Structure formats: C-alpha cells, structure tokens
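One-letter residues, chain by chain:
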Amino acid sequence: MTSNPVTVTVAYHVVPGHEADFHSWGWAMLGASAQQPGFLGGGVLVDGEAEWHVVYRFASEGTARAWEDSVPRKQWDIRAEGFARQTGRRSVRGAKVWFDSQTDRPAAPVPPSKWKLWFVNMSAVFPPVLLFNLIVLPYLGGLNPFIRTLLLCLCVTAIVTWILMPRLQRFFRKWLYPPLQALRGRHKRRTA
C-alpha cells in the first residue's frame, strides 16, 4: 500500500421505493471493485430519503482511476440507471486530508420543540392508561393501591416503550424534524 491512498465518495439520488435496489446494487458493485488491484475497502451510507453515498478506497489515485474507467464499473453504472442518479463525486488523497475536510459537514439536527414532544408522548401514554383503567382496574379493586399503581406503571411503560413510541416516532418523524434534519445522522455505516 502506498502512503497516499485515495478515498472516493460518490453521491446518488435514489428513486423513492428503490432504496433496497440501491443498497443491493451498491454492495454488489463494491464486491466487484474488491477484485481490483489496490482496493482497500468501502461502504454504502444508507438513508432511505436523503442523498445516498457509495464510498471506496484505493491504494493510489492510479488504481482508483483504473477502476472508475474500467468497463465493469461502467456496466455497474448502467445497472443503476433505473433507480439512482449520480449527483456528485468527491475524491481525496490521504487520511489526514479526509478528516480535515469534514469540518463543513452539517450540524446535528435541532431537537423538536417541547410541545411536539409532549403531544407525541401523550399520544403514546393516554390510550394504554385509559384501557388499563377501563378494562383491568375493575378486576384489581381489592388490591393495595400501591400494587395497582405499580401494575399500571409496569404495563403502560412496557406498551409505550416497545410498541407505541417506536411507531409514533416513525409516523411523526417528518413533523418532529424538518425534512433535512430528520435525515442527518441516521446513516447505517457498513464497511466492505
């Protein structure tokens, strides 16, 4: 390996509904690039709504350019035409330049306002508390109030934590976070 590896990031706009196609295509294309001399690794930055990225690293600029100019690479681009469009390409040499140039990355999303959080929490807590009070509590009338309250808290907390909140957070994601903010920092990073 040379002392000046090249990292290439290619950005794509993915047609909605074809995220799985792009994901499969990106990893298959990286598998093909792994067969090329000088390949050091790569990955697909996955986000179902934002610009997607395929990142790969080669030992030198020459080996990266050889892969990009190759017939197999052009064939991979043709395969993606039905579900993705390339929107940009960035190439940097060496690790220090890569990390130094990341100062222009977007800031973390701003947390949603308190009243929006209150609304989502109330939407998750109210239905199970109401059902518990209407259906279960009449059968627990003879129990100690401490035990009844403990059972209420245990049941409602479990339902809210594992069933309702994940669904409500997905449902209200675009409302809680403006579209661009909802997309930042939610990439699943994998390396080849």
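As a convention, each chain's residues are numbered from 1 in the sequence order in which they are written. Side-chain atom pairs in this predicted model are given and counted only at pLDDT of 80 or more, local residue features only at pLDDT of at least 70, and totals for whole chains, interfaces and linings cover all residues. Processing note: side-chain calculations cover all non-hydrogen atoms of the structure and skip hydrogens and water entirely.

1. What to know about the sheet that holds strand β4 (residues 84-93)
- In this description, strands pair whenever DSSP reports at least two bridges between them. Note on conventions: DSSP H or I runs of at least 4 residues are helices, E runs of at least 2 residues are strands, and numbering of each starts at the N terminus. Spatially, β2-β3-β1-β4 is the arrangement adopted by the four strands of the open sheet, whose pairing is antiparallel. This sheet does not close on itself; its edge strands, each paired only once, are β2 (39-45) and β4. Between one strand axis and the next, the sheet turns through 15 degrees on average, direction left out of account.
- By the bridge criterion, seven bridges tie strand β1 (residues 6-14) to strand β3 (residues 52-58) in an arrangement that is antiparallel. Residue pairing across strands places Y12 opposite W52, the latter belonging to β3. Throughout, an axis means a line fitted to C-alpha atoms (over the contacting stretch in the case of helices), and angles, computed between N-to-C directions, take values from 0 to 180 degrees.

2. Regarding helix α3 (residues 71-80)
- Looking at α3, one finds that the buried residues are R73, W76 and A80. Buried positions in α3, seen along its axis, are confined to an arc of 55 degrees and lie on one side of it. Across α3 from its buried face, at more than 90 degrees, point the exposed residues V71 and I78.
- Polar contacts, as counted here, are pairs of nitrogen or oxygen atoms within 3.5 Å of one another; within protein the pair requires one atom able to donate a hydrogen and one able to accept it, and residues that are adjacent in sequence qualify only if both atoms are side-chain atoms. With a side-chain oxygen positioned 3.3 Å from the backbone nitrogen of R73, the residue opening α3 is S70. Buried, partly exposed and exposed residues are distinguished by accessible area as a fraction of the type maximum, computed with a 1.4 Å probe on protein chains only: under 20%, between the cut-offs, and over 50%, respectively. Each C-beta atom gives one direction from the helix axis, and the arc is the one those directions make.

3. Considering the packing of aromatic side chains
- Aromatic rings from Phe, Tyr and Trp, taking only the six-membered ring of Trp, are treated as a pair when their centres fall within 6.5 Å; an angle between ring planes under 30 degrees marks them as stacked, one over 60 as edge-to-face, and anything in between as tilted. In this structure the tally under the stated criterion is 12 aromatic pairs.
- On the basis of an interplanar angle of 90 degrees and a centroid distance of 5.0 Å, the ring pair of F22 and W52 is categorised as edge-to-face. Highlighted residues: F22 in helix α1 (residues 19-33) and W52 in strand β3, separated in sequence by 30 residues. Residue F22 shares its accessibility class with W52, and that shared class is buried.
- Taking the centre distance of 6.5 Å and the plane angle of 75 degrees together, the rings of W25 and F83 count as edge-to-face. You can see W25 sitting in helix α1 and its partner F83 sitting in the loop between α3 and β4, a full 58 residues away along the chain.
- Taking the relative accessible area as the measure of exposure, W25 reaches 4% and is therefore buried.
- Take F83: its relative accessible area is 11%, and that puts it in the buried class.
- In this structure an aromatic cluster arises from ring pairing among Y12, F22, W25, W52 and F83.
- Only when the NZ of Lys or the CZ of Arg is both within 6 Å of the ring centre and within 35 degrees of the ring normal is a charge said to sit over the ring. Geometry around W76 places R79 over its ring, the cationic atom sitting 4.1 Å from the centre.

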